[in-house]
Amino acid sequence: MPSAGGSLRSTRKRTMTSCLECYRRKQKVPASTSPAIEDFSRLTFIQCDPSIMPQSSGAWDQQSRMPEDQGENVTTRDDQVGGHSGSGNLGYSLVPGSNSFVGFQQVLGNEEFQSMTAAQSNASIPILSRINAETLVSNLPPRPVIQSLVNLFFVEVNWHYFILERFYFDDLFSRWPLGEETEPVSYLSREQLFTELRYFSAVLFQLIALTLQFLPPDALDLVQLSANELAAPQTYSDLGDELLSVLGRPGVALAAVQADFLRSSCLKNYGRGTESWHALGHAIRQAQELGLHRHKEIYQPDQANVDKTLSLFWYEEHKKHLWINLFVWDSFMAMILGRPRMIHRDDCDAKLPMECSIPRNPSTAVPMAVRPDESPSTTTVSASLFRYAIACKIHEMRAIKADYPHPKVYSVVRKLQEDTTSSLNGLPSSIRPDYPDTSWDLECPYLPHLREELKMTANLFLMNLHRPYIFSSTESRKAALQAAFTTLDSQLRSFAQAKQHQYHLFGLAFYTVDAAFLLSIIAISCPPENHEARQNIENILHRSIESLSTMERYNPIAKTGLDIVQRCYIKLKEAFKPPSNTSGPTPVPRGPSNTVLQNLMRDLNEESHDPSVNSLRDSRQHARSPELGSSAFTSHVFQDNFSQTYWLEQLNQIQPSLLYEQDAYGVWGNFYFD
């Protein structure tokens, strides 16, 4: 008998030609079963029923031919190009007309072209460590536990990220691991189904990891497991990433894209920005290899297979959803981390998805736009489209270098702000931040938080847009102040709505620290004369410090950001004291803004011992180590990319200019406090 890892006793001489389960049951395997299917069955623990196996001959990673009746009357424009072997394995794009190598396929014909490139393609296929892959997959919890965590994911987590569509996930999960009576998916050929399922275990690892980060306290009772019977979130995420490394990332499976995207989300919540950016890069490159950035036409010659056409249409909509979310993440991470964009709009012609939800049964649903009276379950798509619109503004900002000092024409900055405000006001009423329709809130409890998140997304862009000009332009200084104050006010509402297990969310801490830091810098450098304005600023910063103090045990960004915000708070109180008070601390130096920036950099780098600020923090240290399954982070394990250095470098983005000691241009006049 084989062991759990799939190895055989040393006394066995015959080559095993079945999967582990078939071998255990002594089930015969047809002689025509190929090594490719044998190896795949071992990896996914399927039972070797010949009725569900495509016939092929070749190495493990070669694609088997699709049966003649598969995919009948349902085609896309890219189906005419060929498979993923050949030029794709050599590094060339498979998109028609994109390079001269693909043109050989039209000249030589598909069969001769594939024959010509077979040697090079086979040479590029990595050797798969099957035993290692089986060992990794064996670390997944039992299926009932996975099912419970999946349900929690779609209730608690997915609406934050919108990475997985339920219909697509359920189609694969119901076939994982494959059983004897598994039916093919209408919108996937059998070879595509096997390829997706090959990578689906990696999706499950990352889904479990992300779900455990947001695990409610009573959730373990639902899955009937103790905390000690589940690994830590980071363990599952690392196992999933290792599995993808074993399988390789050739860009042939949508599941692999989703696994890397989920991995990026996990790392981002741990404050590991650089690693998250690299994981996102894996997802983007595979998505581009699959052609998600290109438009595809779907057509049907006759009415014989309408259900297949509908399923394929919704599958393409699902890919559009995934692509625009990758686009959004790439744009915002480039802006936040100061990284180059991996996606450029000029390279993409994919159309936006419809503003409607994908049905659970796509084969029977006719596409139609959302109606005003429809349930706001569709608002997840509307939210993604709004984020995409803001991400496009980031591309415009980068293209015209509006985020650089000394723009050629300042009016472009003003235009970007107006467009952002217009997009925010144009949101559907159920997710519009100001004066929303709250009639659906009981049915969709995530809506209040989603409204605040969208508001913060817009203001995050506005803060980054105006940050370089807060000393050189009164208009930008006032706009940045308004965006920062609005963000903090919105963050405090989100914090009040959040439960303890949601404190791990990246934005819940990052938006607070970013806005508090910018508000402090402007208020310290140009303090308002109005006592009420000063009091409002002190109050909102004090409340923000309290929220960060509460979250610091759970959120690494809150922990590191809290320190810099407290130091800003000290300097703010010094700046707000009248100059005549000679017994108090030395007032903030006045003069050219570059001098002020240098002094701020120096002062904020110094360790503060002010007891009034230390009292704002909870002096109790949480010394106990997090249990297995706990989503509390351990600070010494994870490298934090949002340290004090990150926040202080924000000062380098500000363009120095003449700094006025008094509020000569009415920056604080008629300022709107929520």
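Engineer: Looking at this structure, how should I read the overall build of the protein?
Structural biologist: The secondary structure content of the protein amounts to 23 helices and two strands. In the protein, of all internal contacts separated by at least 6 residues, the share reaching a separation of at least 24 is 77%. For the protein, the computed accessible surface area is about 29600 Å², with 50% contributed by carbon and sulfur atoms.

Engineer: I would appreciate a short explanation of the confidence of the model for the protein in the present structure.
Structural biologist: For any part of a model where pLDDT is low, the fine detail of the predicted coordinates should not be relied upon. The pLDDT averaged across the protein works out to 76; a share of 65% of its residues lies at or above 70. Overall, residues 77-87 carries pLDDT values under 50, and its contacts beyond four positions in sequence, including any with other chains, amount to 34 contacts. Scored below 50 in pLDDT, residues 119-128 shows twelve contacts in the model against residues more than four places distant or in partner chains.

Engineer: I tried to follow the packing of helix α18 (residues 506-525) against helix α20 (residues 556-576) on my own but got confused; where do I start?
Structural biologist: Helix packing for two helices is described by the angle between their axes and how far apart those axes are. Across the interface, α18 lies against α20 with an axial gap of 9 Å and an inter-helix angle of 20°. The angle between the axes of α18 and α20 places the two elements in the roughly parallel class. Note on packing geometry: the crossing formed by α18 with α20 is left-handed. Taken together, the residues of α20 that come into contact with α18 (itself represented by Phe-506, Ala-509, Phe-510, Val-513, Ala-516, Phe-517, Ser-520, Ala-523 and Ile-524) are Ile-557, Ala-558, Gly-561, Ile-564, Val-565, Cys-568, Lys-571, Leu-572, Ala-575 and Phe-576.

Engineer: Quick question: what am I supposed to make of the environment of Ile-284 here?
Structural biologist: Of note, Ile-284 is situated in helix α12 (residues 273-289). Measuring from C-alpha to C-alpha, the distance between Ile-284 and Trp-323 comes to 8.3 Å, with 39 residues separating the pair along the chain. Among residues more than four places away in sequence, those in contact with Ile-284 are Leu-326, Asp-330, Met-342 and Ile-343.

Engineer: Is there a simple way to explain helix α7 (residues 166-173) in this structure?
Structural biologist: For α7, the buried fraction is high: six of the eight residues fall into the buried class. Where the residues of α7 are buried, they touch α6 (143-161), α8 (190-213), α11 (254-269) and α13 (306-337).

Engineer: Honestly, the side chain of Ser-544 in this entry has me stumped. Any pointers?
Structural biologist: Structurally, Ser-544 is set in helix α19 (residues 531-551). Setting aside residues up to four positions removed in sequence, Ser-544 forms contacts with Leu-488, Leu-492 and Thr-512.

Engineer: Quick question: what am I supposed to make of the packing of α13 against helix α14 (residues 379-399) here?
Structural biologist: Packing of α13 against α14 brings their axes to within 9 Å, and their N-to-C directions diverge by 45°. Judged by the angle between their axes, α13 and α14 are oblique. Two packed elements cross with a definite hand, and for α13 against α14 that hand is left-handed. Residues His-321, Ile-324, Asn-325, Phe-327, Val-328, Ser-331, Phe-332, Ala-334 and Met-335 of α13 form the contact with α14, whose own contacting residues are Val-381, Ser-384, Leu-385, Arg-387, Tyr-388, Ile-390, Ala-391, Cys-392, Ile-394, His-395, Met-397 and Arg-398. Across the contact of α13 with α14, the residue classes break down as 14 nonpolar, five polar and two charged.

Engineer: Would you explain the packing of aromatic side chains in this entry?
Structural biologist: For any pair of aromatic rings, geometry is given as the distance between the ring centres together with the angle between the planes. For the structure on display, the rule yields 28 aromatic pairs. For the pair Tyr-187 and Tyr-315, a centre-to-centre distance of 4.8 Å together with 25° between the ring planes defines the contact as stacked. Taken together, the residues span a long stretch of sequence, with Tyr-187 in the loop between α7 and α8 and Tyr-315 in helix α13 at a distance of 128 residues. For the residue pair Tyr-187 and Tyr-315, the accessibility class agrees, reading buried in each case. An angle of 20° between the planes, with centres 5.4 Å apart, marks the rings of Phe-495 and Tyr-503 as stacked.

Engineer: Mind showing me how you'd approach the layout of surface pockets here?
Structural biologist: By volume, the second largest pocket amounts to about 950 Å³. In terms of lining, the second largest pocket is formed by 33 residues, of which the most central are Phe-154, Val-155, Glu-156, Trp-159 and Tyr-446. Where the lining of the second largest pocket is concerned, the elements lending two or more residues are α6, α7, α14 and α16 (447-466). Looking at the lining of the second largest pocket, the element that brings in the most residues is α6, giving seven residues.

Engineer: Before we go on, may I ask you to explain empty space enclosed by the protein in this structure?
Structural biologist: One way to see where empty space is left: roll a probe the size of a water molecule over the atoms. Counted according to the given criterion, the structure contains nine cavities of 30 Å³ or more. Empty space within the largest cavity amounts to approximately 420 Å³. Lining the largest cavity are 22 residues, and of these His-160, Lys-268, Trp-329, Glu-453 and Tyr-511 lie nearest its centre. Here the lining of the largest cavity is composed, by residue class, of twelve nonpolar, seven polar and three charged.

Engineer: Looking at this model, I keep getting lost on the pattern of salt bridges. Mind explaining?
Structural biologist: Any two side chains of opposite charge can pair, given that their charged atoms come close. Evaluation of the coordinates by the stated rule reveals 21 salt bridges. A salt bridge links Arg-166 to Asp-170, with the nearest nitrogen and oxygen atoms 3.1 Å apart. Linking Arg-166 with Asp-170, this pair stays in helix α7, spanning four residues, or about one helical turn. Residue Asp-170 is classed as partly exposed on the basis of its relative accessible area of 21%.

Engineer: What should I look at first to understand unusual backbone geometry in this one?
Structural biologist: Residue Trp-176 is joined to Pro-177 through a cis peptide bond whose omega torsion reads -15°. For Pro-177, the position within the fold is in the loop between α7 and α8. A positive phi angle is found at Phe-162, which is not glycine, with a value near 55°. Turning to its location among the elements, Phe-162 is positioned in the loop between α6 and α7. Phe-162 gets classed as buried once you look at its relative accessible area, which sits at 10%. A positive phi angle, near 55°, is found at Tyr-435, a position not held by glycine.

Engineer: Would you mind showing me how to read the side chain of Arg-272 here?
Structural biologist: Mapped onto the elements of the fold, Arg-272 is located in the loop between α11 and α12. At 2.6 Å, the side chain of Arg-272 forms a polar contact with the side chain of Glu-275.

Engineer: Would you explain the environment of Trp-440 in this entry?
Structural biologist: Within the secondary structure, Trp-440 is located in the loop between α15 (411-425) and α16. On the accessibility criterion, Trp-440 (22% relative accessible area) is partly exposed. In the structure, Trp-440 is positioned ten residues away from Ser-430 in sequence and 7.2 Å away in space, judged by C-alpha atoms.

Engineer: Looking at this model, I keep getting lost on the nonpolar core. Mind explaining?
Structural biologist: The tendency in soluble globular proteins is for nonpolar side chains to be buried as a group. Counting 173 residues, the largest nonpolar core has Phe-169, Leu-326 and Phe-510 as its most contacted members. Examining the composition of this core, we find that 15 residues originate from one element, α18, more than from any other. The residues contacting Leu-326, other than those within four sequence positions of it, are Val-257, Phe-261, Leu-280, Ala-283, Ile-284, Ala-287 and Ile-343.

Engineer: Even after reading the chapter, I still don't get α13, so can you show me in this structure?
Structural biologist: Because each turn of an α-helix spans 3.6 residues, side chains separated by three or four positions end up pointing in the same direction. Helix length check: α13, at 32 residues, gives a terminal C-alpha distance of 46 Å against a target of 46 Å (1.5 Å per residue), a fit within 8%. Once α13 ends, the next one or two residues include Gly-338, with phi positive near 70°.

Engineer: Please explain the environment of Gln-644 as it appears in this structure.
Structural biologist: Along the chain, Gln-644 falls in helix α23 (residues 644-648). In this view, Gln-644 contacts Asp-563, Ile-564, Arg-567, Leu-604 and Asn-605; residues no more than four positions away in its chain are not counted.

Parameters at a glance
- Residues numbered from 1 in each chain as written.
- Predicted model: local features only at pLDDT ≥ 70, side-chain atom pairs only at ≥ 80, totals over all residues.
- Heavy atoms only, no water.
- Helix = DSSP H or I, 4+ residues; strand = E, 2+ residues; numbered from the N terminus.
- Contact = heavy atoms within 4.5 Å.
- Areas by Shrake-Rupley, 256 points an atom, 1.4 Å probe, with all protein chains shown as cover.
- pLDDT = per-residue confidence, 0-100.
- Axes fitted to C-alpha atoms, helices over the stretch in contact; angles between N-to-C directions.
- Parallel < 35°, antiparallel > 145°, perpendicular 65-115°, else oblique.
- Left-handed = near helix turned anticlockwise from the far one by under 90°.
- Buried < 20%, exposed > 50% of the residue type's maximum accessible area, 1.4 Å probe, protein only.
- Nonpolar A, V, L, I, M, F, W, Y, C, P; charged D, E, K, R; others polar.
- Phe/Tyr/Trp six-rings, centres within 6.5 Å; stacked < 30°, edge-to-face > 60°.
- 1 Å grid on protein atoms, 1.4 Å probe; cavity = no way out; pocket = protein on both sides within 12 Å on 5 of 7 lines; lining within 4 Å.
- Points joined across faces, edges and corners; volume = space filled by probe spheres on them.
- Salt bridge = Lys/Arg side-chain N within 4 Å of Asp/Glu carboxyl O.
- Polar contact = N/O pair within 3.5 Å; in protein donor to acceptor, adjacent residues only side chain to side chain.
- Core = buried A, V, L, I, M, F, W, Y, C linked by side-chain atoms within 4.5 Å.
- Expected span 1.5 Å × (residues − 1).

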